[in-house]
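Structural overview for review
Chain by chain, the residues run as shown.
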Amino acid sequence: MSEQTSTRRIIIAIIGAGLAILLAFALFIFWPNALTLGATDGATSTESATKSADDAVAAAGMSPAQRKATEALVRAYILENPEIITDAVAILQQRDVAKRLAAAGNQIAKAFPGAEAGNPKGDVTIVEFTDYNCGFCRASVPDVQRLLKSDGNIRLVYRELPILSQSSRDAALWALAAARQGKHKPFHDALFAGGRADAANIADAARKAGLDMAAARTFAASQQANQEIERNLALMQQIGFNGTPTFIIGDQILEGALGYDALKTAVEKARAKG
């Protein structure tokens, strides 16, 4: 084998081994915090990355000394440029998010009839999972309303996700009853403005929204309404989040009371990706 060929193979091996080591390090950081994999899976992934490095070294015919030198170079590079680990973790997280959203499919953005606001033909859809007893959800209402007013090309899908209490579920069922009567947003806004979602405030919000109370009460107790709640709870498990409010905007999963600017930025990002 010529010296030039040998050098080329060593360089390729250095690159391959370096990438494998970086991957192993990123997996060590990322996967223990993942929602869908346990410690055993993370260890398996790290072992796989290490084996890839071993295979690359063996294929290039590197000596133990050359391998040791390569590992020292990679370690030094990581220490001098630690931001590459953050970048690698961010890429892995985004790929995981995209995979979870793809698995959920079109069901995410398919609104319960009437449970939506904004422009029904908007080029960006925001899906908001909310609980009427969630203080962060209440705090987000003005930001979401401001966003809809400032951008007339957003479609907002409300998904009722009662996870805090039985009264949360009662409120969610009545919200679906309001949606059935074409009055979801008035009910939604009135209930959040009224404070805790107890029986009195639910009834008050229903009256303010102009609901047919008897029809709403019947639908709130129906199998159809309860099945919708169960679907939303199943989506939460499938997508992999556990709190409210949670916003899905394009390929982004955003949790918490983010504020107007963060929501606007997420919409712009989704719009840019088309």
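This text goes with the structure placed above it.
What you are looking at is a predicted structure, and each value in this text was computed from that prediction instead of being measured. Going along each chain's sequence as written, the residues are numbered from 1 onward. Only residues with pLDDT of at least 70 are given local features in this predicted model, and only at 80 or more are side-chain atom pairs given and counted; all residues enter the totals for whole chains, interfaces and linings. Hydrogens are left out, water is left out, and the side-chain values use all remaining heavy atoms of the structure.

Every angle, taken between N-to-C directions, lies between 0 and 180 degrees, and every axis is a line fitted to C-alpha atoms, over only the stretch in contact when it is a helix. Each helix is a run of H or I in the DSSP string that is no shorter than four residues. Each strand is a run of E no shorter than two, and both are numbered from the N terminus. Their axes nearest at 8 Å, the elements helix H7 (residues 184–193) and helix H8 (residues 199–208) cross at an angle of 140°. Viewed along their axes, H7 and H8 adopt a mutual orientation that is oblique. For the pair H7 and H8, the crossing hand works out as right-handed. In this structure, H7 contributes Phe187, Ala190 and Leu191 to the contact, and H8 contributes Asn201, Ile202, Ala205, Ala206 and Lys208. Basically, the charged four are Asp, Glu, Lys and Arg, the nonpolar ten are Ala, Val, Leu, Ile, Met, Phe, Trp, Tyr, Cys and Pro, and anything else, Gly included, counts as polar. For the contact of H7 with H8, a count of residues per class yields 6 nonpolar, 1 polar and 1 charged. Roughly parallel means an angle under 35 degrees; roughly antiparallel, over 145; roughly perpendicular, 65 to 115; everything else is oblique. When the near helix sits turned anticlockwise from the far one by under a right angle, the crossing is termed left-handed; a clockwise turn instead gives a right-handed crossing. Between two residues, a contact is recorded if the distance between any of their heavy atoms is within 4.5 Å.

The pairing test for Phe, Tyr and Trp rings, Trp by its six-membered ring, is centres within 6.5 Å, and the orientation test on the planes gives stacked under 30 degrees, edge-to-face over 60, and tilted for anything in between. Within this structure, the stated rule accounts for 4 aromatic pairs. Plain terms: the ring middles of Phe129 and Phe241 are 5.0 Å apart, the flat faces sit at 65° to each other, and that makes the pair edge-to-face. On the criterion of sequence distance, the pair formed by Phe129 in strand S2 (residues 124–130) and Phe241 in the loop between helix H10 (223–239) and strand S4 (246–249) is long-range, its members being 112 residues apart. As far as the burial class goes, Phe129 and Phe241 line up, both buried. Relative to Phe192, the ring of Tyr132 lies with its centre 4.9 Å away and its plane at 35°, an arrangement referred to as tilted. Here Tyr132 is found in the loop between S2 and helix H5 (135–150), whereas its partner Phe192 is found in helix H7, with 60 residues between them in sequence. Whether a residue is buried, partly exposed or exposed follows from its accessible area with a 1.4 Å probe, protein chains only, as a fraction of its type maximum: under 20%, in between, or over 50%, in that order. Owing to a relative accessible area of 4%, Phe192 belongs among the buried residues under this scheme.

It is possible for side chains of opposite charge to pair when their charged atoms get near one another. The salt bridge criterion pairs a side-chain nitrogen of Lys or Arg with a carboxyl oxygen of Asp or Glu, the two atoms within 4 Å. According to the stated counting rule, one finds 10 salt bridges in the structure shown. Here Arg169 and Glu230 are joined by a salt bridge, their closest N and O atoms 2.9 Å apart. In this pair, Arg169 sits in helix H6 (residues 166–180) while Glu230 sits in helix H10, placing the two residues 61 residues apart along the sequence. Three or more residues are tied together by salt bridges with common partners; here these are Asp123, Asp151 and Arg271.

The next subject is the pairing of S2. Most of S2 is tucked away: 6 of the 7 residues are buried. Think of it this way: DSSP has to see at least two bridges between two strands before they count as a pair. One ladder, built from 7 bridges, connects S2 with strand S3 (residues 154–160); its direction is parallel. Within S3, the residue paired with Val124 across the bridge is Ile154. Think of it like this: strands point away, you trace from the first strand over the helix to the second, and a clockwise trace means the crossover is right-handed. Between the parallel elements S2 and S3, the chain passes through H5 in a crossover that is right-handed. When S2 meets S4, the two strands line up antiparallel, connected through 4 bridges.

The next subject is the pairing of S3. Across the 7 residues of S3, 7 count as buried, placing the element largely inside the fold. In S3, alternate side chains face the same way, and those of Ile154, Leu156, Tyr158 and Glu160 on one face and Arg155, Val157 and Arg159 on the other are all buried.

With that settled, consider the nonpolar core. We call a set of buried Ala, Val, Leu, Ile, Met, Phe, Trp, Tyr and Cys residues a nonpolar core when their side-chain atoms join them within 4.5 Å. Counting residues in each nonpolar core, the largest one holds 60 residues, and the members touching the most others are Phe187, Ile239 and Ile249. Of all the elements, H6 adds the most residues to this core, at 9 residues.

Turning next to helix H11 (residues 260–273). Under the 1.5 Å per step criterion, the end-to-end length of H11 is 20 Å for 14 residues, consistent within 8% with the ideal 20 Å. Among all positions of H11, only Tyr260, Leu263, Ala266, Val267 and Ala270 are buried. Viewed along the axis of H11, the buried residues span an arc of 130°, placing them on a single side of the element. Projecting away from the buried face of H11 at angles above 90 degrees are the exposed residues Asp261, Ala272 and Lys273. As for H11, its buried residues are in contact with S2, H5, S3, S4 and strand S5 (252–255). Just beyond H11, the residue with positive phi is Gly274, at close to 75°. Any helix carries an expected span of 1.5 Å times its number of residues minus one. Here the arc refers to the directions that run from the helix axis out to each C-beta atom.

So, on to the sheet that holds S2. Pairing in this open sheet of 5 strands is mixed, and the strands run S1-S3-S2-S4-S5 from one edge to the other. Sheet topology places strand S1 (116–118) and S5 at the edges, where each strand pairs with a single neighbour. Neighbouring strand axes in the sheet, compared pairwise and without regard to direction, differ in orientation by 20° on average. In this structure, S1 lies alongside S3, joined through 3 bridges in antiparallel fashion. Opposite Gly118, over in S3, you have Arg155 as the bridge partner. Across the sheet, H7 lies against S1, S2 and S3, angled at about 65° from S3, the strand it touches most.

The next point concerns H6. For H6, which comprises 15 residues, the first-to-last C-alpha distance of 21 Å matches the rise-based estimate of 21 Å (1.5 Å per residue) to within 8%. Most of H6 sits out of view: 12 of its 15 residues are buried. Within the sequence span of H6, burial applies to Ser167, Ser168, Arg169, Ala171, Ala172, Leu173, Trp174, Ala175, Leu176, Ala177, Ala178 and Ala179. Those residues of H6 hidden inside the fold are in contact with S3, H7, H8, helix H9 (213–220) and H10. Residue Gly182 follows H6 closely and has a positive phi angle near 75°.

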